[in-house]
Amino acid sequence: MKFLHLVIVNLRRKKTRTALTIGSFTVALFLFGILATIKSALGSGVDVAGADRLVVRNRVSLIQPLPIAYRDQILRLPHVEEATFATWFGGYYQDMKNFFPNFAIDVPNWRRVYPEYKFSDEEWRAFAEDREGCVISPPLAKRFGWKIGDRIPLEATIWTGTWELNVRAIYETDRRELTSPELWFHYEYLDERRSFWKGFVGWYTVKIDDPASAVAAAAAIDDRFANSPYETKTETEKAFAAGFANQIGNIRLLILSIGSVVFFTLLLVTGNAMASAVRERTGELAVLKTIGMNDPTVLSLVMAEAIAVAAVGGGAGLVLAKLFTLRGDPTGGMLANFYLSPRNLALGFALALAAGAAAGILPALGAMRLRIVDALRRV
Amino acid sequence: MVRVDGKGTGALVEIRSLDKKYRRGGEEIDVLRGLNLDVDQGEFIAFMGPSGSGKTTLLNLMGGLDVPTAGTIRVAGDEIGALSGRRLAAWRARHIGFIFQMYNLIPVLTAFQNVQLPLLLTGLSKSERGDHVEAALDLVGLADRRHHYPRQLSGGQEQRVAIARAIVADPTILLCDEPTGDLDRASGDEILDIISRLSREFKKTIFLVTHDPVAAERAGTLLHLDKGTLLECAADGRFACTPEDRAR
């Protein structure tokens, strides 16, 4: 701490260079924050997936349906405790930019499979009894200012027309990753009005007796419908969610690639700035050694400068990223859970510090190994 | 007492058979050759000699900034060659104060902060450090300039700050490498006055390297170096040379 002042004045000595170096950290960590948020948002389904749930979909593709009659057959298979289904509706409110996920669900069985969504019994009953009723999430209610009792029109994209729904319930949950902006309504209402695919559902979610039985249960389901016109592919909910997220490519690899390039560039920029700073101060470092400063302290001083730049720049970038994410999903529903978590903030800050340390280590070692007499000769 | 025959005992500084060679472009250069020196506490020694005679090298070796090729240097009982790394740095902080020709102040620190630097390596409290710095700046006559940066000071004032920095931790020895070399006569005289006062009033052991005979006159003992060898002894007989020394 005694040398903190020396670190600060050294950083202020070349203000433009320091500002640019800090700026490069800010940009890099802002980018990291946004990429991490996108990755989390795309993978949020993976995080909330239940270990004791399987998803059954059409073997050909997720967009191909399955007969509603499969539910009863699935329920008779070993390890299966409960089954429900849903169908993607794909509607939007007033304008395409107001898109958000919306599904038609199997109302009678839904809560038994998804107990993590909480409702008052009164609200759920109101929803169940209203064929045109719907349930919305708190973020969706907040986004459009909807409240219970509102009647909202959804424009269909797969089917046609305007579908009017009554808000009957807003679910609650203490798990932040479950609070994406979404809407559920009655499957019966969908099936009654739509012009095709009547009697078909998008996918089934099956609750099994034991996560250890997942492989056996999945095999039993797929075997049951093998060689039928609608063969199934059954997988754990986690695998299903991961596969869903990966439909737009290997996000993890993409983000890792971009992140690696950015951090490598950052290392070069900061390393160069620190090397210049040390080179310019060769004589001063020699004087510090002359008055008795030992090699580890000299090393620490240079490292402290690099890490301070990283901390200030990286911290600023993460704060900006956090502020950006607080504005909500910029895609209008594609990244429902657009949230920069404390874990990712901490990871970003740790990465920034590590990058600062890595960038500073070579110049710091150079300063540490500086021979006093050689350095003084250059003054 | 100053001796150059290598036969003194119990002196503050004992240098024995000191050799220093440099290798430059494949060629080996003898900078110091078999140098002996004994200096008691409180002595003020001036080294004179042509460029390349080894004056600054000798100062660097005495200050533990460089390593001898052969021979030993013992200061206040510590053999410098036996120290390394942290211990040598700590030894320098405790025993040595350096004054350079080009002052070598840190430009982004005020006079006060520059002088305080050596004390940051000690266990002194902030207020104790402040007291020491005030006293050192007062001694060199710059108490009123404590908040000035080096660029706001004249060359003579900068050198006085450098002297304050060198003495603030109360070192055993002051090593001055041409401290007036970059100053005009008036400023140089002021610096020499301060150094003389440190010798006279505070009994500091001082080694001064200079090309300036006027500066050298301030010292109690003048030693001449040429080609790495102490040439001769002063005429006043204060130190005894061996015939071999004279023969060089």
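Residues numbered from 1 in each chain as written. Chains lettered and ligands numbered in written order. Predicted model: local features only at pLDDT ≥ 70, side-chain atom pairs only at ≥ 80, totals over all residues. Heavy atoms only, no water.

### A closer look at the overall build of chain A
Then comes step 1: The secondary structure content of chain A amounts to 15 helices and 11 strands.
Then comes step 2: Put simply, chain A has 379 residues, and 52% of those count as buried.
Then comes step 3: If you take every contact in chain A between residues at least 6 apart in sequence, the share linking residues at least 24 apart comes to 78%.
Then comes step 4: Put simply, chain A shows about 17,700 Å² of open surface, and 60% of that area lies on carbon and sulfur atoms. (Helix = DSSP H or I, 4+ residues; strand = E, 2+ residues; numbered from the N terminus. Buried < 20%, exposed > 50% of the residue type's maximum accessible area, 1.4 Å probe, protein only. Contact = heavy atoms within 4.5 Å. Areas by Shrake-Rupley, 256 points an atom, 1.4 Å probe, with all protein chains shown as cover.)

### Here we look at the packing of aromatic side chains
Then comes step 1: Within this structure, the stated rule accounts for 34 aromatic pairs over all chains.
Then comes step 2: Relative to F99 of chain A, the ring of W88 of chain A has its centre 6.0 Å away and its plane inclined at 50 degrees; by these criteria the two rings are tilted. Separated by 11 residues along the polypeptide, W88 of chain A in strand β3 (residues 80-88) and F99 of chain A in the loop between β3 and β4 (102-105) bring together distant segments of the chain.
Then comes step 3: The ring of W163 of chain A carries R193 of chain A above its face, with NZ or CZ at 4.2 Å from the centroid.
Then comes step 4: We note R151 of chain B situated over the ring of Y149 of chain B; from NZ or CZ to the ring centre the distance is 4.9 Å. (Phe/Tyr/Trp six-rings, centres within 6.5 Å; stacked < 30°, edge-to-face > 60°. Lys NZ or Arg CZ within 6 Å of the ring centre and 35° of its normal.)

### What to know about the packing of helix α5 (residues 155-167) of chain B against helix α6 (residues 185-200) of chain B
Residues and elements named next belong to chain B.
Then comes step 1: Look at α5 against α6: their axes get within 9 Å of each other, and the N-to-C directions meet at 15 degrees. It follows that α5 is roughly parallel to α6 by the angle criterion. Between α5 and α6 lies a crossing whose hand is right-handed. Of the residues in α6, those in contact with G156, Q159, R160, I163 and I167 of α5 are S187, E190, I191, I194, I195 and L198.
Then comes step 2: Residues that form the contact of α5 with α6 fall into these classes: 6 nonpolar, 3 polar and 2 charged. (Axes fitted to C-alpha atoms, helices over the stretch in contact; angles between N-to-C directions. Parallel < 35°, antiparallel > 145°, perpendicular 65-115°, else oblique. Left-handed = near helix turned anticlockwise from the far one by under 90°. Nonpolar A, V, L, I, M, F, W, Y, C, P; charged D, E, K, R; others polar.)

### What to know about the domain arrangement of chain A
Then comes step 1: When the domains of chain A are assigned, the result is domain 1 (4-44 + 249-378) and domain 2 (60-230).
Then comes step 2: With centres defined by C-alpha atoms, the gap from domain 1 of chain A to domain 2 of chain A works out at 46 Å. (Domains from an automatic or database assignment.)

### Describing helix α9 (residues 214-224) of chain A
Residue pairs three or four apart in sequence face the same way in an α-helix, which turns once every 3.6 residues.
Then comes step 1: Buried within α9 of chain A are the following residues: A214, A217, A218, A220, I221 and D222 of chain A.
Then comes step 2: As for α9 of chain A, its buried residues are in contact with β1 (53-58), α4 (70-75), β10 (203-208) and β11 (232-236) of chain A.

### Some thoughts on unusual backbone geometry
Residue and element names in this part refer to chain A.
Then comes step 1: Look at Q94: it is not a glycine, yet its phi comes out positive at around 65 degrees.
Then comes step 2: Overall, Q94 belongs to the exposed group, its relative accessible area being 57%.
Then comes step 3: One non-glycine residue with positive phi stands out, namely W197, at about 65 degrees.
Then comes step 4: Mapping W197 onto the fold places it in the loop between α8 (187-193) and β9 (200-201).

### What to know about a nonpolar patch on the surface
Residues and elements named next belong to chain A.
Then comes step 1: A contiguous nonpolar patch, built from W88, I158, F196 and W197 and spanning about 350 Å² of accessible area, is present on the exposed surface.
Then comes step 2: Within the secondary structure, F196 sits in the loop between α8 and β9.
Then comes step 3: Overall, the relative accessible area of 36% leaves F196 in the partly exposed class. (Patch = residues over 30% accessible without salt bridge, like charges linked within 9 Å, V, L, I, M, F, W, Y side chains within 5 Å. Salt bridge = Lys/Arg side-chain N within 4 Å of Asp/Glu carboxyl O.)

### Here we look at the nonpolar core
Then comes step 1: In this structure, V13, I15, L35, L37, F47, L58 and F207 of chain B are the most contacted members of the largest nonpolar core, which totals 78 residues.
Then comes step 2: Those residues in contact with L37 of chain B that lie beyond four places of it in its chain are V2, R3, V4, V13, E14, I15, R16, F47, F207, L223 and L230 of chain B.
Then comes step 3: Listed in part, the 40 residues of the second largest apolar core include A83, W146, A156 and L183 of chain A. (Core = buried A, V, L, I, M, F, W, Y, C linked by side-chain atoms within 4.5 Å.)

### Digging into the environment of L231 of chain B
All names here are of chain B.
Then comes step 1: Structurally, L231 can be placed in the loop between β11 (229-230) and α8 (243-247).
Then comes step 2: Residue class for L231 comes out partly exposed when judged on its relative accessible area of 34%.
Then comes step 3: The spacing of L231 and G49 is 182 residues in sequence and 9.3 Å in space, taken between C-alpha atoms.

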